[in-house]
Amino acid sequence: MKERLQKIKDEAIAKINLADSLDKLNEIRVNILGKKGELTEVLKGMKDVLPEDRPVIGQLVNDTRNAIETILDDMKNKLAAAAREKQLKEEVIDVTLPAKKSVIGHKHPNAICLDELERIFIGMGYEVVEGPEVEYDYYNFEALNIPANHPAKDEQDTFYINNEIVLRTQTSPVQVREMEKGKLPIRMIAPGRVFRSDEVDATHSPCFNQVEGLVIDKNITFADLKGTLAQFAKELFGEDTKVKFRPHHFPFTEPSAEMDVTCFKCNGKGCRMCKGEGWIEILGCGMVHPNVLRMSNIDPEEYSGFAFGVGLERITLLKYEIDDMRLLYENDIRFLKQF
Ligand SMILES: [Zn+2]
């Protein structure tokens, strides 16, 4: 038994001294001290040893085990130090090299324009209000005086979730929700995404952004509408900007108009930007239809108001002289970096 232990110890030392990696060293440890290791086998054979010899042999096994563990630990430290040394030599770090710059993003041109629009209207005392993009048919159409047979309600133009729920085609439902609260007067703009079943081309997208405005108070007239939107145009496109109103039809306003602004490139002389017209169409507007007021429990005999809606992308494209709406959605960093 004594000789067997001595042999295990000698062989272990020889193997340990030959180990050249931590993995190999671990393998040696398992082979000798592991559950099925050589030394463990010896311990299992203790039952065959005479009882009076057991304390001595037991002590001897323990001494052998301790001796091997000590040598293993020494070797492990040596190998670990060598591995670290090697790693440090291989991975030379040049501390004088410039650090990697983190790339900082910036606002999308649409967001820059929206900030500008909000700034202008907040400056005039408006509140910015948001509402759901998935909306009841009632808020999107009916409460806005759009009858059931109106072409806008066609499945060709609108994404229906079911008979009662649609992806809003305009941000006007936000205005209805605000009117329903019954807190008057109202001065608000409602920016947000809207959805229409359009094919993608240079001027259309199934998802785009609108900014709609609503004012309701006593004695609001078309003069207020005109004054407000003229001031808005001046702040957005420059002090010299003039506005022009052309009669139009919307179900939710009466009378309704489309507003043009003088071309900010040529000041109305006519250029490529305005296709020689001198004017650029910018938004739709009108006096809130009495039916719309009534449906939200506002008395049209006491209150009146005006509303307007502008396509955010339209403003962004004009402001930055971009000729294709698709560029705003393609997330091409080379394009977006320019703003
Ligand atoms: Zn022009």
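This is a predicted model, so every value here is computed, not measured. (Residues numbered from 1 in each chain as written. Predicted model: local features only at pLDDT ≥ 70, side-chain atom pairs only at ≥ 80, totals over all residues. Heavy atoms only, no water.)

**Let's talk about the coordination of the zinc ion**
For clarity, the cut-off: In this listing, donors mean N, O and S atoms no farther than 2.8 Å from the metal, or 3.2 Å for Na, K and Ca; water is missing from the atoms, so a site can look incomplete. Angular criteria define each label, namely tetrahedral for four donors with all angles between 85 and 135 degrees, square planar for four and octahedral for six donors with opposite donors over 155 degrees apart and remaining angles between 65 and 115, and irregular for whatever fails these tests. Three labels apply to residues, based on accessible area from a 1.4 Å probe with only protein chains included: buried if under 20% of the type maximum, exposed if over 50%, partly exposed otherwise in between.
Coordination of the zinc ion by the protein comes from C263 (SG), C266 (SG), C271 (SG) and C274 (SG), over a distance range of 2.2 to 2.3 Å. Relative to the metal, the four donor atoms surrounding the zinc ion lie at angles of 105 to 113 degrees, and the coordination shape comes out tetrahedral. On the primary sequence, the residues serving as donors to the zinc ion are separated as C-x2-C-x4-C-x2-C. Given the relative accessible area of 9%, C266 is considered buried.

**Quick word on the nonpolar core**
How we decide: Only buried Ala, Val, Leu, Ile, Met, Phe, Trp, Tyr and Cys residues count toward a nonpolar core, and they belong to the same one when joined by side-chain atoms within 4.5 Å. Numbered from the N terminus, helices here are DSSP runs of H or I no shorter than four residues, and strands are runs of E no shorter than two. By definition, residues are in contact when any of their heavy atoms lie within 4.5 Å.
If you look at the biggest cluster of nonpolar residues, it comprises 34 residues, and the most contacted ones within it are I282, L283 and F308. Elements that contribute at least two residues to this core include exactly helix 5 (109-123), strand 5 (207-217), helix 8 (222-237), strand 7 (253-262), strand 8 (279-288), strand 9 (304-311) and helix 10 (312-319). When residues of this core are assigned to their parent elements, the largest contribution, seven residues, is made by helix 8. Once residues lying within four places of it in the same chain are set aside, the contact partners of L283 are L229, F232, A257, E258, M259, F308, G309 and V310. Residues V129, F141, V166 and M188 belong to the second largest nonpolar core, which totals 21 residues.

**A word on the sheet that holds strand 5**
Stated formally: Any two strands with at least two DSSP-identified bridges between them are counted as paired. Each axis is a line fitted through C-alpha atoms, taken for helices only over the stretch in contact, and angles between the N-to-C directions span 0 to 180 degrees.
A sheet is described by the order of its strands in space; here seven strands give the open sequence 1-4-5-9-8-7-6, paired in mixed fashion. At either margin of the open sheet sits one strand with a lone partner, and together these are strand 1 (127-128) and strand 6 (243-250). Bridge count for strand 4 (residues 186-195) against strand 5 is 10 bridges, and the pairing is antiparallel. Paired with A190 across the strands is E212, a residue of strand 5. This element, helix 8, spans strand 6, strand 7, strand 8 and strand 9 of the sheet and lies at about 150 degrees to strand 8.

**Observations concerning the packing of helix 2 (residues 22-33) against helix 4 (residues 54-90)**
We apply this condition: For classification, angles of less than 35 degrees are called roughly parallel, those exceeding 145 degrees roughly antiparallel, those between 65 and 115 degrees roughly perpendicular, and all remaining angles oblique. Three categories are distinguished: nonpolar for Ala, Val, Leu, Ile, Met, Phe, Trp, Tyr, Cys and Pro, charged for Asp, Glu, Lys and Arg, and polar for the others, with Gly belonging to the last.
The geometry of helix 2 relative to helix 4 is characterised by a closest axis approach of 10 Å and an angle of 170 degrees between their N-to-C directions. One element, helix 2, and the other, helix 4, form an angle in the roughly antiparallel class. In this structure, helix 2 contributes L22, L25, R29, I32 and L33 to the contact, and helix 4 contributes R65, I68, E69, L72, D73, M75, K76, L79 and A80. When its residues are assigned to classes, the contact of helix 2 with helix 4 shows nine nonpolar, no polar and five charged.

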